[in-house]
Every structure is written in C-alpha cells, then in structure tokens.
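Results of the structural survey
Each chain is listed here by its residues.
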Amino acid sequence: MRSELAARAAKGEKNVTCVMPGPEQKLSAPQATLLADRTPVPLPDWCYDVSNGDGAWWYTRSEACAIGSWIVDVIEVPSGELVGQIYYLQADLIYTNATLPNWGHQLAISMVDGWGLISGTTVSGDATCNGACTLPASDIDFPAQAVTPTSVPYGDALPTTTVSAAGATGTAKTTMYYKFSNPAWTNSTPLTGSTPPVDVRCDNATPGVTSIGCVFKDYEPVNVVSLSGSYPNYARHIRDAQASGLPGAYPNGTPLTRLTDAALRQSNGDTACPQASSGGYPRPTGYSCDEYPFRSTWQGAFTSATPPNPGRTFDWCQISALPQGVTGPNGWSACMIPATENSNAGLLDLRVFYNDNRVIEKDPFFVWIVD
C-alpha cells in the first residue's frame, strides 16, 4: 500500500479515493423514510421490508430492487491518512410493464453522513444493456449531480427489447455505472457497477395478447382467489382439490405450468369434464363442470399422465360418477359450479392473471386461496 502511495505521490497525485461496502444493517425507519423521500420513482414498500441494506436483490414479477450501504474513502498521498469519508445508500429499482416493450432501471444515491475533504463532490454515471435489447445514449440519463445530505442524485436508463416476431421471447440485463468526482481529488472514484442477478424477459408469445411486454421470468407468479370474492364456488373447488394433494398450492405446493396448445387444452377439458351426451356427467340446471388442475396447464387431466390418472370429486360437487376421498398429487378433480361463475372465473380471473403476468408456455405459477 505504501509503495503504491509513493508511486502516486511521484506522479503528483494528492488525494485518491476508493469505494467499499458499508456495514450490512437493516434500514432504520428514519433512513427508510429519508430514502423514500429522495427516490424519484418510489421504491415499493416491500423493498424496505425485506432489505437488510446489504445490497441483496429482491424481486417480484414486475419489479426488482436492492438497497446497499457504501463508503467512499478519501486518502491523502503519500501519508495514507484518511482525510474524508462519504457514507451513502445505493438504491436500485428496475420496473417492467406487461404491455410495454421497454423497462426502466433507476439508481439513486442517498448520502447518509460524511466528513472531511468531500465538499463539492458530484456523482455521474452511465448504463449498458446486454441481451435482447437496445439502449441508445438518448435513453440514458445520469448527469453530474451534487452529493449532499439534502440532494437527490440519481440516474436512469430505459432499454427497449429487440423482440418483435409473433411467438418470440428474449432476455436481457441492464447495468448502471457511477463514479464520484471532486476538484480536490486527483481522480474520480473507480466506476461502480450495479447489475441484477435476474433477467428481464420480454415476449410476443402470451396467447390472446397483441402487445409486447416484459416481466421477471424467474419470479413464479401467484394467482390469489378469495373464497369471499366474486367466485366463491370456483375458489372452494380449488381449495378442496389442493387440500386433497393436487399441485399448485401456494406457498408449499408444486407449481402448475401453463399449456397453450388449443388441442391439448381441449383434451384436458374433455377428460375431466366429458359432456353428458358423450357418456359424461349430467349438468344440473344453471351449472357447468369445473376442472382442476386447469385445462390450460400441463397438469391437466389428459396431459398430466399417459394414460390419464383417475379423477376425484367432493361431496358438494354433484358428480356421482367420480370417487370422493381420493388424495395424492396424481390425478385431477371435477366439480359442478354455477355456470356464470365458472365462465367469469376463467375469463375475468385466470385469463387476466395470465395476461398481467405474461404467463407463457410452460411458465410455472401458483394459486393461493384466501378467505
């Protein structure tokens, strides 16, 4: 270290800097409030709840965030004396949209404290995007900004996916870079880069959706259905089916995976709910047959096994042709529920869930039945 400082002194350098991780600690309520007040695009509340201030990334289907603690050391040359420090929080937020072909990556700097040779410090940066994306300079904004206890320096980037063809998908990652500068320092700090560990996936492959959209594919989405909501019988059937051991239950079950092939979906439906005219179950007036796992999953009655596993039902379901009391993960269930409710649950709940979360072929997901 001393030889390096001596070499720097020989070059006429006076004060040099380095950036290192700060102490890992849960953000206090005042720190979280301060950071929230300064973040141009607000970080979601859950980010503050889960973050320990250690720079770890957390994500949902549409957002990813990280909050890290960092320190800038200002070191005098050639003595090696520490003559200044900046303590700051780095807050990243990446946000996607299910109906747009681009996404945003914001990085904000929140100075917590500092001392010594730091007056006049600024921060500036840049960004890159790797993968199926484009990021022209005009879509990067990270100019030099003052670093003070009351300032809000930040940068953002707005990449656009290169996915366009019908059925196409593509993944990408952004990296935000920044450096601190000061007239009293010989050099700016080395570039600090921030890259999420998970990809953004954009697709033009979500059935029934004409727009391109983007999500975090590694987050397995959860369809929340309430027993006291608009589809109580639909929810009750799913609850009983999951309780009997069938897959898809959140949070401890095996996920379902989406099936988009129309012919196979029809085979799943015909296997679980054959029409009375074809020797299947009679439909009580005003009722239709609901199947679980859904026909639009690979765990459906036909596609889950060859030959298909046996079905099951429950004592309130009005299907005498299927056994009750069957348990285990293999198989499927069928139940008669009000026809309007059944149709609306498929069109206004499950389909909307698929679209909003860009659930494409073989994407895993869960169903969470709540009160």
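Refer to the preceding data block for the structure.
On a predicted model such as this, the values are computed, not experimentally measured, just so you know.

Considering helix α6 (residues 339-356)
With 18 residues, α6 should cover 26 Å at 1.5 Å per step; its first-to-last C-alpha distance of 25 Å lies within 8% of that length. For α6, the complete set of buried residues consists of Glu341, Asn342, Ala345, Asp349, Leu350, Phe353 and Tyr354. Buried residues along α6 sit against β16 (222-226), α4 (232-243), β18 (287-292), β20 (332-338) and β21 (364-370).

Let's talk about the layout of surface pockets
Volume-wise, the largest pocket comes out at about 580 Å³. Residue lining of the largest pocket: 22 residues in total, with Arg295, Ser296, Gly346, Leu350 and Arg351 positioned closest to the centre. The element best represented in the lining of the largest pocket is α6, accounting for 9 residues. Taken together, the residues that form the lining of the largest pocket break down as 8 nonpolar, 8 polar and 6 charged. Asp54, Gly55, Gly68, Ser69 and Trp70 are, among the 15 residues lining the second largest pocket, the residues nearest its centre. At the level of secondary structure, the elements contributing two or more residues to the lining of the second largest pocket comprise β2 (54-59), β3 (63-76) and β4 (82-95). It is β3 that contributes the most residues to the lining of the second largest pocket, 5 residues altogether.

A few points about the packing of α4 against α6
The geometry of α4 relative to α6 is characterised by a closest axis approach of 9 Å and an angle of 80 degrees between their N-to-C directions. In terms of orientation, α4 lies roughly perpendicular with respect to α6. Here Pro232, Asn233 and Tyr234 of α4 lie close against α6, whose contacting residues are Glu341, Ala345, Asp349 and Leu350. Partitioned by chemical class, the residues of the contact of α4 with α6 number 4 nonpolar, 1 polar and 2 charged.

Some points on the packing of aromatic side chains
In this structure the tally under the stated criterion is 13 aromatic pairs. In this structure an aromatic cluster arises from ring pairing among Tyr231, Tyr234, Tyr292 and Phe294. Here Arg236 stacks its cationic end above the ring of Trp316, 4.0 Å away from the centre of that ring. Lys362 extends its terminal NZ or CZ atom over the ring of Trp298, reaching a point 5.4 Å from the ring centre.

Description of the pattern of salt bridges
Scanning the model with the defined rule gives 6 salt bridges in all. Residue Asp203 is joined to Arg358 by a salt bridge in which the shortest nitrogen-to-oxygen separation is 2.9 Å. Linking Asp203 in strand β14 (residues 200-203) with Arg358 in the loop between α6 and β21, this pair joins segments that are 155 residues apart in sequence. Taken as a pair, Asp203 and Arg358 share a single burial class, namely buried. As a salt-bridge pair, Arg239 and Asp240 come within 3.1 Å of each other at their nearest N and O atoms. Using a relative accessible area of 16% as the deciding quantity, one classes Asp240 as buried.

Remarks on the sheet that holds β18
Here we have 3 strands laid out as an open sheet, ordered β18-β20-β19, and mixed in their pairing. Pairing within the sheet leaves two strands with one partner each, and these edge strands are β18 and β19 (311-312). Relative to β20, α6 is tilted by about 120 degrees, and along the sheet it contacts β18 and β20.

Structural notes on the nonpolar core
Nonpolar side chains tend toward joint burial in soluble globular proteins. Counting 32 residues, the largest nonpolar core has Trp103, Tyr178 and Phe180 as the members making the most contacts within it. Within the residue set of this core, elements represented by two or more residues are β3, β4, β5 (104-116), β6 (122-131), β12 (169-181), β14 and β15 (213-216). Listed in part, the 23 residues of the second largest apolar core include Ile238, Leu246, Leu256 and Ile337.

The rules behind these values
- Residues numbered from 1 in each chain as written.
- Predicted model: local features only at pLDDT ≥ 70, side-chain atom pairs only at ≥ 80, totals over all residues.
- Heavy atoms only, no water.
- Helix = DSSP H or I, 4+ residues; strand = E, 2+ residues; numbered from the N terminus.
- Expected span 1.5 Å × (residues − 1).
- Buried < 20%, exposed > 50% of the residue type's maximum accessible area, 1.4 Å probe, protein only.
- Contact = heavy atoms within 4.5 Å.
- 1 Å grid on protein atoms, 1.4 Å probe; cavity = no way out; pocket = protein on both sides within 12 Å on 5 of 7 lines; lining within 4 Å.
- Points joined across faces, edges and corners; volume = space filled by probe spheres on them.
- Nonpolar A, V, L, I, M, F, W, Y, C, P; charged D, E, K, R; others polar.
- Axes fitted to C-alpha atoms, helices over the stretch in contact; angles between N-to-C directions.
- Parallel < 35°, antiparallel > 145°, perpendicular 65-115°, else oblique.
- Phe/Tyr/Trp six-rings, centres within 6.5 Å; stacked < 30°, edge-to-face > 60°.
- Lys NZ or Arg CZ within 6 Å of the ring centre and 35° of its normal.
- Salt bridge = Lys/Arg side-chain N within 4 Å of Asp/Glu carboxyl O.
- Pairing = 2+ DSSP bridges.
- Core = buried A, V, L, I, M, F, W, Y, C linked by side-chain atoms within 4.5 Å.

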